[in-house]
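The residues making up each chain are set out below.
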Amino acid sequence: MSLHHLLPWKMSTLDAQIKPALDSRRDRGILRRLPSSSALRDAITRADFSSNDYLSLATSPSLKARFIEKIGSFPRILGSGGSRLLDGGTLEHAELEERLAAFFKSPAALLYTSGYDANVGFFGSVPAEGDLVIYDELIHASVHDGMRTSRAARIPGALQPFKHNDVDALRSVIEGAIRTQPSFEEGTGSVFVAIESLYSMDGDIAPINAICDVVDKLLPAGNGHIIVDEAHATGIYGPQGRGIVAYLGLESRITARLHTFGKALASSGAVFLTSATVREYLINYSRPQVFTTAMSFSTVANIHAVFDMLEYGEYLPYSERLQGLARYFVEQFLAHQFAPELVRLPWSKTLLYTPIVPLLSPCAKPLALYLQGRGFLVRPITHPTVPKGQDRVRVCLHANNTEDQINGLLKGIRSWIESDDRGVVASKL
């Protein structure tokens, strides 16, 4: 056995080149780190207000039993055989896509190994030179990474943000684009509008109905294409957990939807729902689709198991319980009347109560550390993950949380505010 790993490590020229960037982040207090094994052991003992297992299905005995049964019926369990275009294009994957297309009432479905890959794959390949991509300013990083590599990005000004959830701002961007490029109004250029149905950091709901109305009115030729990321809404809202687009009955007005399986559905991977033509295009031009090994057979079995729960309504008590807890948390938080300069919500109301409740605070790290010490697993989200001045403790609720746990967390916030060790508080958020 080689003892190379025991020898003193000499810094390479590459290490020396990249170390200043890490040192800069460390000095500014924004260096990202993975937790140690000891920290992870401690986390297990805390009440979970951090993970994205919203429906608590990851610990569901029913889902576990369904998964074991599915695995037993699969001829192959481990691996996947390769990429979808080679030996990973198996019967099991094709049957799952057909099931998902029917379940979500979509013309076609295409599996991806992650929601990140799906967004990068679509926005990196579909928008063409001369097209316009308009995106909510809080859209997920994967959309940014995709559209920056698109052919549309070759033309300056082709990637345009609009103020978060502001329909008037979206209207202004589209109107400005039409004035400078009449082809959009004529229908010879595509306009893509990228939004999330439930935003992962702010926990609020997009005004999808109003967005559809604006796009249809200003782009009557049908060249306005709304792409909705439903990653955090899947399994929670809508009939059979089909998401907020389905809850609003807008499937026919949306060009594409992304649903992921790694959050409320206790699995991994994602499905992109769109037309058969767009699906075929992604198979040919989406690089994450072409060059990534397909999801494993065990993952396919797990997804089937959880969709059995959705189709048969077994998920519904989990969803109803979760939404009730979300309402309870917000009502109790507001009842505490915390000093807004110390901790506050980023919104006064939202279309639906959601499991994501961001607690904005200039002292997000000290507050999170204090709550962790009191037995609550919460984490600070700080710049550069969120904009400067928008640091927060993001609370994620789960069906298995209790009202007592919520009360304890809120009492912990009160205790932190009244303590002497909360650190220096900025004058404003």
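For clarity, every value in this text was computed on a predicted model and none was experimentally measured.

The rules we used
- Residues numbered from 1 in each chain as written.
- Predicted model: local features only at pLDDT ≥ 70, side-chain atom pairs only at ≥ 80, totals over all residues.
- Heavy atoms only, no water.
- Phe/Tyr/Trp six-rings, centres within 6.5 Å; stacked < 30°, edge-to-face > 60°.
- Helix = DSSP H or I, 4+ residues; strand = E, 2+ residues; numbered from the N terminus.
- Buried < 20%, exposed > 50% of the residue type's maximum accessible area, 1.4 Å probe, protein only.
- Pairing = 2+ DSSP bridges.
- Axes fitted to C-alpha atoms, helices over the stretch in contact; angles between N-to-C directions.
- Contact = heavy atoms within 4.5 Å.
- Expected span 1.5 Å × (residues − 1).
- Core = buried A, V, L, I, M, F, W, Y, C linked by side-chain atoms within 4.5 Å.
- Salt bridge = Lys/Arg side-chain N within 4 Å of Asp/Glu carboxyl O.
- Polar contact = N/O pair within 3.5 Å; in protein donor to acceptor, adjacent residues only side chain to side chain.
- Right-handed = clockwise from strand over helix to strand, strands pointing away.
- Parallel < 35°, antiparallel > 145°, perpendicular 65-115°, else oblique.
- Left-handed = near helix turned anticlockwise from the far one by under 90°.
- Nonpolar A, V, L, I, M, F, W, Y, C, P; charged D, E, K, R; others polar.

## Observations regarding the packing of aromatic side chains
Then step 1. Evaluated as defined, the whole model comprises ten aromatic pairs.
Then step 2. Between F103 and F307, the aromatic rings sit 5.0 Å apart at their centres with planes inclined by 90°, giving edge-to-face as the arrangement. Of this pair, F103 sits in helix 4 (residues 91-103) while F307 sits in helix 13 (residues 297-311), and the two are 204 residues apart along the sequence.
Then step 3. The exposure class assigned to F103 is buried, which follows from its relative accessible area of 5%.
Then step 4. Members of the aromatic cluster, each reached through a chain of ring pairs, are F103, F104, F261 and F307.

## Here we look at the sheet that holds strand 6 (residues 224-229)
Then step 1. Pairing in this open sheet of seven strands is mixed, and the strands run 2-8-7-6-5-3-4 from one edge to the other. The sheet is open, and its two borders are formed by strand 2 (108-112) and strand 4 (159-162), each paired with just one other strand. Mean inter-strand twist for the sheet, computed between neighbouring axes without regard to direction, equals 20°.
Then step 2. Across four bridges, the pairing between strand 3 (residues 132-136) and strand 5 (residues 191-196) is parallel. Paired with L132 across the bridge in strand 5 is V191.
Then step 3. Contacting strand 3, strand 4 and strand 5, helix 7 (residues 167-180) runs over the sheet at an angle of about 150° to strand 4.
Then step 4. This element, helix 11 (residues 276-285), spans strand 2 and strand 8 (270-274) of the sheet and lies at about 30° to strand 2.

## Side note on unusual backbone geometry
Then step 1. Looking along the chain, the bond that leaves H383 and enters P384 is cis, with omega of 15°.
Then step 2. Mapped onto the elements of the fold, P384 is located in the loop between strand 11 (379-381) and strand 12 (392-396).
Then step 3. Residues other than glycine seldom take positive phi values, yet S56 does so here, at roughly 60°.
Then step 4. Judged by its relative accessible area of 3%, S56 is buried.

## Description of helix 13
Then step 1. Relative to the 21 Å expected for 15 residues at 1.5 Å per residue, helix 13 spans 21 Å between its end C-alpha atoms, a close match to the ideal helical length.
Then step 2. Here helix 13 lies mainly inside the structure; 13 of its 15 residues are buried.

## Focus on the nonpolar core
Nonpolar side chains in soluble globular proteins tend to be buried together.
Then step 1. In this structure, I195, I208, F307, F329 and L359 are the most contacted members of the largest nonpolar core, which totals 101 residues.
Then step 2. The element that contributes the greatest number of residues to this core is helix 13, accounting for nine residues.
Then step 3. Beyond its immediate chain neighbours, meaning those up to four positions away, L359 contacts F329, F333, V343, R344, L345, D391, R392, V393, V395 and I413.
Then step 4. In this structure, F192, I227, L258 and F272 belong to the second largest nonpolar core, which totals 20 residues.

## A look at the pattern of salt bridges
Then step 1. Under the defined criterion, the tally for this structure stands at 16 salt bridges.
Then step 2. Residue D308 is joined to R99 by a salt bridge in which the shortest nitrogen-to-oxygen separation is 2.7 Å. Here R99 lies in helix 4 and D308 lies in helix 13, a separation of 209 residues in the sequence. With respect to class, D308 is no different from R99; both count as buried.
Then step 3. One network of salt bridges, with partners in common, ties together K70, R99, D308 and E311.

## Overview of the side chain of D308
Then step 1. With relative accessibility at 7%, the residue D308 sits in the buried group.
Then step 2. Among the polar contacts made by the side chain of D308, one reaches the side chain of R99 at a distance of 2.7 Å.
Then step 3. Apart from the residues within four sequence positions on either side, D308 is in contact with R66, K70 and R99.

## Brief notes about the sheet that holds strand 11
Then step 1. Across the sheet, three strands lie side by side as 9-12-11; this open sheet has antiparallel pairing. With partners counted over all chains shown, the strands left at the sheet margins are strand 9 (356-360) and strand 11, one partner each. Pairs of neighbouring strands in the sheet enclose a mean axial angle of 35°, with direction left out of account.
Then step 2. Two elements, strand 9 and strand 12, share five bridges in a ladder whose sense is antiparallel. Across the sheet, residue L359 finds its bridge partner in strand 12, namely V393.

## Focus: the pairing of strand 6
Then step 1. Counting buried residues in strand 6 gives six out of six residues, a clear majority hidden from the surface.
Then step 2. The two faces of strand 6 match: G224, I226 and V228 on one face and H225, I227 and D229 on the other face are all buried.
Then step 3. Pairing geometry for strand 5 and strand 6, over six bridges, is parallel. The partner of E196 across the bridge, within strand 6, is D229.
Then step 4. Crossover strand 5 to strand 6 through helix 9 (residues 208-218) is right-handed.
Then step 5. Judged from the three bridges that link them, strand 6 and strand 7 (residues 256-260) form a sheet pairing that is parallel.

## Quick notes on the environment of S106
Then step 1. Among the secondary structure elements, S106 is positioned in the loop between helix 4 and strand 2.
Then step 2. S106 sits in the buried class, given a relative accessible area of 11%.
Then step 3. Excluding anything up to four places from it in sequence, S106 contacts A101, R257, L273 and T274.
Then step 4. In this structure the side chain of S106 is engaged in a polar contact, spanning 3.4 Å, whose partner is the backbone nitrogen of T274.

## Some remarks on the packing of helix 7 against helix 9
Each packed pair of helices is defined by two parameters, the angle between the axes and the distance between the axes.
Then step 1. In the contact formed by helix 7 and helix 9, the axes pass within 10 Å of each other and the chain directions differ by 20°. On the basis of the axis angle, helix 7 is roughly parallel to helix 9. Crossing angle aside, the handedness with which helix 7 passes helix 9 is right-handed. Touching V167, L170, R171, I174, E175 and I178 of helix 7 are A210, I211, V214, V215 and L218, all from helix 9.
Then step 2. Its residues assigned to classes, the contact of helix 7 with helix 9 shows nine nonpolar, no polar and two charged.

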